[in-house]
Amino acid sequence: MSRFLIVVPPLAGHVNPTVAVGRELQRRGHEVAWAGHPELVAPLLPADCRLWPAGGDFSAADMAGARARWLNLRAFAALAALWDEVLIPLGAAMVDGVEAAVDGFGPDVVVADQQALAGAVVACRRGLPWATSASTFAELTRPYASMPKVEAWVAERLEAFQHSYGVGGGDLRFSEHLVISYTVPELAGPVQVPCSPAFVGPALGERPPAASFPWEWLDPARKLVVVSLGTHNQEAGARFYRVLAEAAGSVLHGRPVLQMVLVAPPEMVGPVPEHILVRPSVPQLALLARCSAVVTHGGVNTVNECLVEGVPMVLAPIRDDQPIVAGRVAAVGAGIQVRFGRVQPAEMAVALRSVLKDPAYRAAARRIGASFALAGGADTAADLLEKLT
């Protein structure tokens, strides 16, 4: 049997698929460990997962500060903050911990998330076979190809980082051995980078204990809409939440046909009518099974979970890969995209009515969900990783 070291950043959407893949490898008799920031990654893993600390002097306070600044940024400013305040300094802080994990655990294969640069650097330095865990498909599409100066800026940051550790050639985001993409070609669209990703579909597995939920509040006679901006965008949503509350009232037309679960800090939303329930967190997977539609920022995890359940979406991307993901969902007919910062209640109400009433959106979501099932998910990813040993 073999040993696999999975290197992850402290981001739930990046950790979640690796848990499913790691569990499948363990089921087959392999040893699996994770390397990541000890304070921030541990809560994202099941309690019995082995975590090698790799965070160095990049503290939880550093992450919180960077996140607070990043929340109010858009376009290139947001991208620059992501690389200069998070990915590069976090990568540098993690290198020594990943080196120690390689020494102590002795992996046969390293699995490095695309945004955990230390995993790729250490694997290359040690001559270990390694795979990229591509939690989002956005990087496969050359998202900045239409902005050559921005694309060059990212490439320069990456090149400088890897050269500082004596690693030359290649792109740390795309392993020459294996790139695992947790989607399917139809959703990802054309690949525009020099690699041939293995499309395995979503790898859905264990999550931390689910939040409590008043299931008795749900009325099966009403259509349920869930609204979630993910774990890192809620504070940016105050205006958006008010738009949704007003739009939900417009959709009702005076008839109790809709219920909305709004995942947000209650203090940011204020008083709401009886058909809206505000909760700081919810058992999302269980709720999606009862959903008629979801309003989302376009985070890959939420999008994948919706498509697995065949749930259509209204997508309001905010930053990073979200516009690309949202655009692809709209392109395959599984949702409608609106502008996060500009959408008004009337436009949101129209979008909600469309995805709730037009069966084409649900049919498209179910079509992609069926292709996800055929791709194999964690089983297929484990098959591919075993071949690297």
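Predicted model only: the values in this text are computed from it and were never measured.

Peer 1: Break down the overall build of the protein for me, with residues and values.
Peer 2: Summing up its helical and strand segments, the protein has 15 helices and 13 strands in all. For 389 residues, the compact-globule estimate of 2.2 N^0.38 gives 21 Å, and the protein sits close to it at 21 Å. Counting only C-alpha atoms, the protein reaches 65 × 45 × 35 Å along its principal axes. Split into buried and exposed, the 389 residues of the protein put 57% on the buried side. Long-range pairs, those at least 24 residues apart, make up 67% of the contacts in the protein with a sequence separation of at least 6. When the accessible area of the protein is evaluated, it comes to approximately 15500 Å², of which 55% is carbon and sulfur surface. Charge separation in the protein, taken as the distance between the mean sites of 32 positive and 36 negative side-chain charges, equals 9 Å.

Peer 1: Describe in detail helix α11 (residues 300-308), supporting the description with residues and values.
Peer 2: Buried residues dominate α11, accounting for eight of its nine residues. Of the positions making up α11, those classed as buried are Val 300, Asn 301, Thr 302, Val 303, Asn 304, Glu 305, Cys 306 and Leu 307. One or two residues past the end of α11 sits Gly 310, with phi positive at roughly 70°.

Peer 1: So what about the environment of Pro 148? Which residues, and what values?
Peer 2: Along the polypeptide, Pro 148 turns up in helix α6 (residues 148-163). Note: C-alpha distance between Pro 148 and Ala 293 (145 residues apart in sequence) is 37 Å.

Peer 1: I'd like a description of helix α15 (residues 377-386), backed by residues and values.
Peer 2: Inspection of α15 places Gly 377, Ala 378, Ala 381, Ala 382 and Leu 385 among the buried residues, and these make up the whole buried set. Along the long axis of α15, the arc covered by the buried residues comes to 125°, so they all point the same way. Looking at the buried positions of α15, the neighbouring elements they touch are β1 (3-7), α1 (12-27), β4 (109-113), β5 (130-134), β6 (178-181) and α14 (359-375).

Peer 1: Give me the pairing of strand β2 (residues 31-36): which residues, what numbers.
Peer 2: The buried fraction of β2 amounts to five of the six residues, a majority that puts the element mostly inside the structure. Both β1 and β2 contribute to a ladder of five bridges, which runs parallel. For Leu 5, the partnering residue across the bridge sits in β2 and is Ala 33. In this fold, the crossover linking β1 to β2 by way of α1 has right-handed handedness.

Peer 1: Explain unusual backbone geometry residue by residue, including any values.
Peer 2: Backbone geometry places Arg 142, a non-glycine residue, at a positive phi of 50°. Tracing the backbone through its elements, the reader meets Arg 142 in the loop between β5 and α6. Its relative accessible area of 34% is what places Arg 142 among the partly exposed residues. The phi torsion at Asp 320 lies on the positive side, around 55°, for a residue other than glycine.

Peer 1: Account for the nonpolar core, with residues named and values stated.
Peer 2: One finds Leu 5, Val 7, Ala 35, Trp 83 and Val 98 to be the most contacted residues of the largest nonpolar core, which totals 43 residues. The element contributing the most residues to this core is helix α4 (residues 75-105), with 15 residues. Contact partners of Ala 35, with chain neighbours within four places excluded, come to Leu 5, Ile 6, Val 7, Val 8, Leu 51, Trp 52, Ala 54, Met 94, Val 98 and Ala 101. Counting residues in each nonpolar core, the second largest holds 39 residues, with Val 282, Val 303, Ala 326 and Ala 375 among its members.

Procedures and definitions
- Residues numbered from 1 in each chain as written.
- Predicted model: local features only at pLDDT ≥ 70, side-chain atom pairs only at ≥ 80, totals over all residues.
- Heavy atoms only, no water.
- Helix = DSSP H or I, 4+ residues; strand = E, 2+ residues; numbered from the N terminus.
- Rg over C-alpha atoms; globule rule 2.2 N^0.38 Å.
- Buried < 20%, exposed > 50% of the residue type's maximum accessible area, 1.4 Å probe, protein only.
- Contact = heavy atoms within 4.5 Å.
- Areas by Shrake-Rupley, 256 points an atom, 1.4 Å probe, with all protein chains shown as cover.
- Lys, Arg positive; Asp, Glu negative; His and termini not counted.
- Charge placed at Lys NZ, Arg CZ, Asp CG, Glu CD.
- Arc of directions from axis to C-beta.
- Pairing = 2+ DSSP bridges.
- Right-handed = clockwise from strand over helix to strand, strands pointing away.
- Core = buried A, V, L, I, M, F, W, Y, C linked by side-chain atoms within 4.5 Å.

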